[in-house]
Amino acid sequence: MKQWNSRKTMYCFFVLSIIFLAVVTVIGYFSYDKAMVVDFSRKNLPPSFSYPFGTDWMGRDMFARTMTGISMSIMLGVLAAAVSSVIAFSLGIIGASMGKAADGFVSGLIDLVMGIPHILLLVLISFALGKGFKGVVTGIAITHWTSLARLIRGEVLQLKESQYIKIAEKLGHGKLKTAVKHMTPHLLPQVLVGFVLLFPHAILHEAGITFLGFGLPPEQPAVGIILSEGMKYLTMGSWWLALFPGLLLTIVVVLFHLVGDILGRLIDPGRIHQ
Amino acid sequence: MRKEFLFILKNFVRMAILMFLVSIVAFFLVSVSPIDPLKVNVGQTALGSMSQEQIEKLSQYWGTSISPVRRYLSWAGDFIRGDMGVSLLYRQPVSRVIGVKLSNSLLMLGISWLISGIVGFSLGILAGANRGKRLDKGISAYALITASTPAFWLALVFLMLFGVWLKILPIGLSVPIGTEAAEVTIRDRILHGILPVLTLSITGISSMILHTREKMLEVMESDYVLFAKARGETGTQIVLGHGIRNILLPALTLQFASISEIIGGSVLVEQVFSYPGIGQAAVTAGLGGDVPLLLGIAVISAAIVFTGNFTANILYGIVDPRIRKARNNI
């Protein structure tokens with residue numbers, strides 16, 4: 001039998017984290033109806049065995065609400081990460097391989113989007129789309145590509161100097177063909193890691209923007225809304241309303257960070273023996 | 001010397017162009033909004049009971065009937081001359097509203113920015129110099145957790161802890177409720193600023209730690225550090241003499257580039273503490289459909305961010321001898 005090493009520990013941790021995140025998503029997805037039930041006979045209950053996160057002033061089960069909210073955040077994160085990776089990948093490749101004008105355009109675009117503080121940009125987009133759910137989703141989906149695009153652009157610029165790309169060019173491959181055939185396989189691991197590491201940002205921003213009151217109506221279970229309601233009841237001693245949902249949110253985000261980090265280490269051949 | 005001047009000029013022009021584009025984007029975003037400022041602020045029922053003339057008067061006040069391009073041109077023209085329009089909610093010139101709010105925020109932002117930069121840099125160096133030891137693991141874990149904590153939730157927890165349970169710090173606003181502006185003491189201001197500063201410095205710290213740590217690891221692996229060790233230099237000497245000198249500049253750049261994040265964080269944190277700063281004004285403007293104020297804040301904060309980036313570029317290009325040389329060779 002092969003020896004147990006830290007790489008295997010990482011594998012186990014990786015799989016366990018993904019299972020945990022998937023379970024949270026699924027449970028949350030199916031407890032939407034439960035999260036909407038209002039029952040005044042059980043209002044303001046502190047955490048107990050049957051209501052692990054307590055209940056709020058309308059007797060809603062905070063555990064179900066939190067799970068639903070976080071599940072929604074994760075699903076929104078999937079969308080945001082997917083859209084952003086595609087945008088970042090295309091722009092990164094275009095910028096670095098299509099000549100100087102394209103590069104100037106792409107880096108200008110990156111600077112432009114990064115120029116407005118992110119949460120303010122989300123406020124503007126949400127405002128532009130009429131403050132609905134649509135505004136939040138669009139805002140989160142189309143604003144997270146900048147750092148990944150910058151990373152990919154840098155990587156492509158480096159790749160262009162490498163021997164095998166130069167040989168491909170000398171052999172007469174077109175720029176686009178070189179980019180797709182020779183650069184993409186090299187970039188995919190980075191894009192994959194970048195994809196996972198987009199989740200934390202997307203989730204935190206979604207929580208932030210719904211917390212500020214843009215987006216969903218207040219009875220909907222979204223993490224930001226739960227926390228902003230928890231804030232109102234803070235001074236009345238209902239500490240569990242804000243504490244547990246935020247804690248779970250933090251744990252989920254930490255796990256995404258770790259998963260991305262581990263993924264990066266596992267697929268990087270240069271670190272296979274660490 | 002001439003080259004330096006050209007370099008600065010080029011960066012400055014680039015910044016001006018970006019500012020112009022940002023203002024267009026922001027203007028475009030607020031003008032495609034389907035939110036009818038009349039309905040939001042006057043109310044559906046009130047609108048129904050008004051005469052046609054009154055509604056027209058109101059719609060002129062809120063500027064809902066002119067074409068967007070003309071509105072942009074007249075807005076931009078006024079903006080350059082320093083007239084940002086009149087805030088519809090505060091009923092004061094936008095420049096004055098922003099001035100007041102910004103002066104409330106600026107000190108808080110500046111202090112948190114400095115604290116998170118300095119502490120993050122020191123922790124990053126400590127972690128990088130002690131690679132793999134317990135200290136490194138602790139600091140890295142701390143960076144990971146702070147990067148994952150929503151700033152506004154941490155603000156809530158602090159509020160709960162210090163404001164509600166321990167009752168040693170006030171729970172909101174930048175001055176005590178019900179006191180006149182003249183009676184507000186510096187002590188009050190400081191007391192009200194502690195929690196926002198604490199929250200912002202704690203959550204804004206992680207990218208600085210991680211970045212500095214990476215750079216420090218690179219330095220520690222380098223040949224010149226190996227040589228320094230061989231000469232018998234101690235760990236502290238190596239860190240002070242070779243580490244900090246090499247990583248201070250990229251760290252400074254990162255610090256200037258992080259202005260955008262700290263402004264973003266302040267929007268959320270100010271909301272929790274009801275701190276009457278620029279972030280809270282942005283949220284009020286966004287929710288209430290106060291287009292001139294929202295635009296003004298977006299453009300002003302973009303200007304602050306670009307100034308930060310500009311400073312970072314200049315620092316990098318002028319101060320770093322390697323880059324200066326590379327540029328001269330081209």
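What you see is a predicted model, and the numbers here were worked out from it, not measured in a lab.

When helices and strands are tallied, chain A shows eleven helices and zero strands. Counting over 274 residues, chain A shows a buried share of 53%. Here the analysis covers contacts within chain A between residues at least 6 apart in sequence; of these, 71% occur between residues at least 24 apart. Working note: accessible area of chain A is about 12,400 Å², and carbon and sulfur atoms make up 70% of it.

Residue and element names in this part refer to chain A. Examined against the element boundaries, Gly 95 turns out to sit in helix 3 (residues 62-97). Using a relative accessible area of 1% as the deciding quantity, one classes Gly 95 as buried. Here the alpha-carbon distance between Gly 95 and Ala 80, two residues 15 residues apart in the chain, equals 22 Å. The residues touching Gly 95, leaving out its near neighbours within four places in the chain, are Ala 102, Asp 103 and Val 106.

Turning our attention to unusual backbone geometry. Residues and elements named next belong to chain B. In this structure, Ser 274 takes a positive phi of about 45° despite not being glycine. Counting through the fold element by element, Ser 274 comes out in the loop between helix 13 (259-273) and helix 14 (278-288). For Ser 274, a relative accessible area of 30% puts it in the partly exposed group.

It is worth spelling out the packing of aromatic side chains at this point. All names here are of chain A. Under the counting rule described, the total for this entry stands at six aromatic pairs over all chains. Ring centres of Phe 195 and Phe 199 lie 5.6 Å apart, and the angle between their planes is 85°; on these two criteria the pair is classed as edge-to-face. Placement of the pair is Phe 195 and Phe 199 together in helix 9 (residues 175-211), with a separation of four residues, close to one helical turn. With a relative accessible area of 24%, Phe 195 lands in the partly exposed category. In this structure Phe 199 comes out as buried when scored by relative accessible area, which is 6%. A centroid spacing of 4.5 Å and a plane angle of 5° characterise the contact between Phe 199 and Phe 256, whose relative ring orientation is stacked.

Taken together, the side chains of Phe 5, Leu 6, Leu 9, Val 13, Ile 17, Phe 20, Leu 21 and Ile 24 of chain B present a nonpolar region at the surface, about 710 Å² in accessible area. Inspection of the secondary structure puts Ile 24 of chain B in helix 1 (residues 2-31).

So, about empty space enclosed by the protein. All names here are of chain A. Using the criterion set out here, one finds four cavities of 30 Å³ or more in the structure. In this structure, the largest cavity encloses a volume near 50 Å³. Contributing to the lining of the largest cavity are Ser 97, Lys 160, Glu 169, Lys 175, Thr 178, Ala 179 and Met 183. At four residues, the largest contribution of residues to the lining of the largest cavity is made by helix 9. Split by residue class, the lining of the largest cavity holds two nonpolar, two polar and three charged.

Here is what the cut-offs are and how they apply
Residues numbered from 1 in each chain as written. Chains lettered and ligands numbered in written order. Predicted model: local features only at pLDDT ≥ 70, side-chain atom pairs only at ≥ 80, totals over all residues. Heavy atoms only, no water. Helix = DSSP H or I, 4+ residues; strand = E, 2+ residues; numbered from the N terminus. Buried < 20%, exposed > 50% of the residue type's maximum accessible area, 1.4 Å probe, protein only. Contact = heavy atoms within 4.5 Å. Areas by Shrake-Rupley, 256 points an atom, 1.4 Å probe, with all protein chains shown as cover. Phe/Tyr/Trp six-rings, centres within 6.5 Å; stacked < 30°, edge-to-face > 60°. Patch = residues over 30% accessible without salt bridge, like charges linked within 9 Å, V, L, I, M, F, W, Y side chains within 5 Å. Salt bridge = Lys/Arg side-chain N within 4 Å of Asp/Glu carboxyl O. 1 Å grid on protein atoms, 1.4 Å probe; cavity = no way out; pocket = protein on both sides within 12 Å on 5 of 7 lines; lining within 4 Å. Points joined across faces, edges and corners; volume = space filled by probe spheres on them. Nonpolar A, V, L, I, M, F, W, Y, C, P; charged D, E, K, R; others polar.

By themselves, these observations are geometric and do not establish any function.
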